[in-house]
Amino acid sequence: MVILSMKAANIFDLTGKVALVTGASSGLGARFAQVLAANGAKVALVARRKDRIEALKAKIEAAGGVATAIEGDVTDRASMSRAFDAAEKAFGTVTILVNNAGVAHSTRALDITEEEYRRVVGTNLDAVFFTAQEGARRMLAANARGAIVNTASVLALNVSKGTAAYAIAKAGVVQATKALALELAFKGVRVNAIAPGWFDTEINHDFLNSDIGQNMKRDIPMGRFGNAGDLDGALLLLASDAGAYMTGATVVVDGGQIVAIKG
Ligand code: NAD
């Protein structure tokens, strides 16, 4: 006899959930939004590039999903508060928040300017915390259970040259994930993170396709960068009831990259 509640399609089902994805205009965020929508969530696409998220909304709708495009800048708390208002107005309380927006840099630690450092940490860490705070406050006010998924990186756990501000911010995301998880666990809001290895997106396309990037690929045990769909499973696990007893975790999805010692 098939017990329906144990079927993957049911365990991972997001029907009735409302998701908000930041940085949904490209790369991993656009993919996250589509995966959530494909599994039943209504998705608020938040980014600065309105034309991009309008196009993604049309793509999701053409595939039978439900989405709305909302202009927002994660480094501007008032703008994010308005984005949550707009998402609530469209679909109701956001119960899945995917904190995905991020920026990169390639400046060595002794050369990075204060301005660039603050841009990277402000977007990749401060904005993740304040957006999670905003989302969680609204979940609690609505008496709703929820899941927050933060995007960290393997650079949260190890470092490479020229990534200091990024690595510092992403390590902070791992700790913010744990700190928020601890304080919100009893209130029904789970907070977890995904730490991807290298995926070819706008953030690093030139770098990954340079000689250095191609050499790095050879050091990845699986011998390749991540493909678009390689984060789908981790995202759905953390966003759905399949991960109901998971909180404070960082799930590494990197083809084995960080377990390998070079040499
Ligand atoms: P991407 O450049 O395609 O996507 C990042 C998105 O964030 C862009 O759409 C960008 O416009 C948006 N964004 C940046 N600043 C913003 C702001 N202030 N307000 C709103 N949106 C803003 O790159 P990606 O690879 O899809 O990156 C997504 C996330 O994944 C980032 O947090 C990144 O650090 C992380 N990540 C990426 C990789 C990788 O190899 N691609 C690896 C580990 C972690």
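Throughout this description, residue numbers start from 1 for each chain and increase along the sequence as written. Totals for whole chains, interfaces and linings use every residue, but because this is a predicted model, local features are given only for residues with pLDDT of at least 70 and side-chain atom pairs only at 80 or more, for both listing and counting. As a rule here, side-chain values cover all heavy atoms of the structure and leave hydrogens and water aside.

## Description of the overall build of the chain
Test applied: Here a strand is any run of E in DSSP of at least two residues, a helix any run of H or I of at least four, and the numbering for each starts at the N terminus. In this treatment the radius of gyration is a C-alpha quantity, and the globule benchmark scales as 2.2 Å times the residue count to the 0.38 power. When accessible area is computed with a 1.4 Å probe and restricted to protein chains, residues below 20% of their type maximum are described as buried, those above 50% as exposed, and intermediate ones as partly exposed. Methods summary: accessible areas were calculated by the Shrake-Rupley approach with a probe of 1.4 Å, and residue burial reflects only the protein chains presented. Positive charges are assigned to Lys and Arg, negative charges to Asp and Glu, while His and the chain termini are left out of the count. Taken as the charge location is NZ of Lys, CZ of Arg, CG of Asp or CD of Glu.
Helix and strand content of the chain: nine helices and seven strands. For the chain, the C-alpha radius of gyration of 18 Å lies close to 18 Å, the compact-globule estimate for 263 residues. Overall, the chain is about 50 × 50 × 40 Å in size when its C-alpha atoms are taken along their principal axes. A buried classification covers 48% of the 263 residues belonging to the chain. As displayed, the chain offers around 13,000 Å² of accessible surface, 55% of which is attributable to carbon and sulfur atoms. Of the side chains in the chain, 28 bear a positive and 25 a negative charge, and the two mean positions are spaced by 4 Å.

## Observations concerning unusual backbone geometry
One non-glycine residue with positive phi stands out, namely Asn143, at about 60°. In this fold, Asn143 is placed in the loop between α5 (114-141) and β5 (146-151). Overall, the relative accessible area of 74% leaves Asn143 in the exposed class.

## A few points about the packing of helix α4 (residues 77-91) against α5
Here is the rule we go by: Lines are fitted to the C-alpha atoms to define the axes, a helix being fitted only along its stretch in contact, and any angle between axes, read from their N-to-C directions, falls within 0 to 180 degrees. Here is the rule for handedness: rotate from the far helix to the near one, and if that takes an anticlockwise turn smaller than a right angle the crossing is left-handed, while a clockwise turn gives right-handed. Contact definition: two residues touch when any of their heavy atoms are within 4.5 Å. Side-chain classes follow a simple rule in which Ala, Val, Leu, Ile, Met, Phe, Trp, Tyr, Cys and Pro form the nonpolar group, Asp, Glu, Lys and Arg form the charged group, and the remainder, Gly included, forms the polar group.
The interhelical angle for the contact between α4 and α5, taken along N-to-C directions, is 35°, at an axis separation of 10 Å. Classified by chirality, the crossing of α5 by α4 is right-handed. Contact residues: Arg77, Met80, Ser81, Phe84, Asp85 and Glu88 in α4; Phe130, Thr131, Gln133, Glu134, Gly135, Arg137 and Arg138 in α5. By residue class, the composition of the contact of α4 with α5 is three nonpolar, four polar and six charged.

## What to know about the site of the ligand
Heads up, the condition is: Whether a residue is near a molecule or strand depends on its heavy atoms: it is near if one of them lies within 4 Å of it. Here a polar contact is taken to be a pair of N or O atoms separated by no more than 3.5 Å, where protein atoms must pair a possible hydrogen donor with a possible acceptor and residues adjacent in sequence count only if both atoms sit in side chains. Segment limits for the domains were obtained from an automatic or database-derived domain assignment.
Neighbouring residues of the ligand: 29 residues in total, closest Ser25, Leu28, Tyr166, Phe199 and Thr201. Between a nitrogen atom of the ligand and a main-chain N or O atom of Val74, the distance comes to 2.9 Å. One of the side-chain N or O atoms of Thr201 is found 2.5 Å from an oxygen atom in the ligand. Burial of the ligand by the surrounding chains reaches 96%, relative to a free accessible area of 810 Å². Taken together, the elements giving at least two residues each to the shell around the ligand come down to α2 (27-38) and α6 (164-184). Its residues assigned to classes, the shell around the ligand comprises 10 nonpolar, 14 polar and five charged. When residues of the shell around the ligand are assigned to domains, at least three map to each of domain 1 (14-196 + 231-252) and domain 2 (201-227).

## Notes on the nonpolar core
To be explicit about the condition: Among the buried residues, those of types Ala, Val, Leu, Ile, Met, Phe, Trp, Tyr and Cys that are joined through side-chain atoms within 4.5 Å form a nonpolar core.
Formed by 32 residues in total, the largest nonpolar core has its most connected members in Val21, Leu36, Val43, Leu45, Ile194 and Leu235. At the level of secondary structure, the elements contributing two or more residues to this core comprise β1 (18-22), α2, β2 (42-47), α3 (50-62), β3 (66-71), β4 (96-99) and α9 (232-239). Examining the composition of this core, we find that seven residues originate from one element, α2, more than from any other. Once you skip the residues sitting within four places of it in the chain, Leu36 turns out to touch Leu14, Ala19, Val21, Ala41, Val43, Val98, Leu235 and Ala239. The next biggest cluster of nonpolar side chains, apart from the first, holds 24 residues, and it includes Ala44, Val46, Val74 and Phe91.

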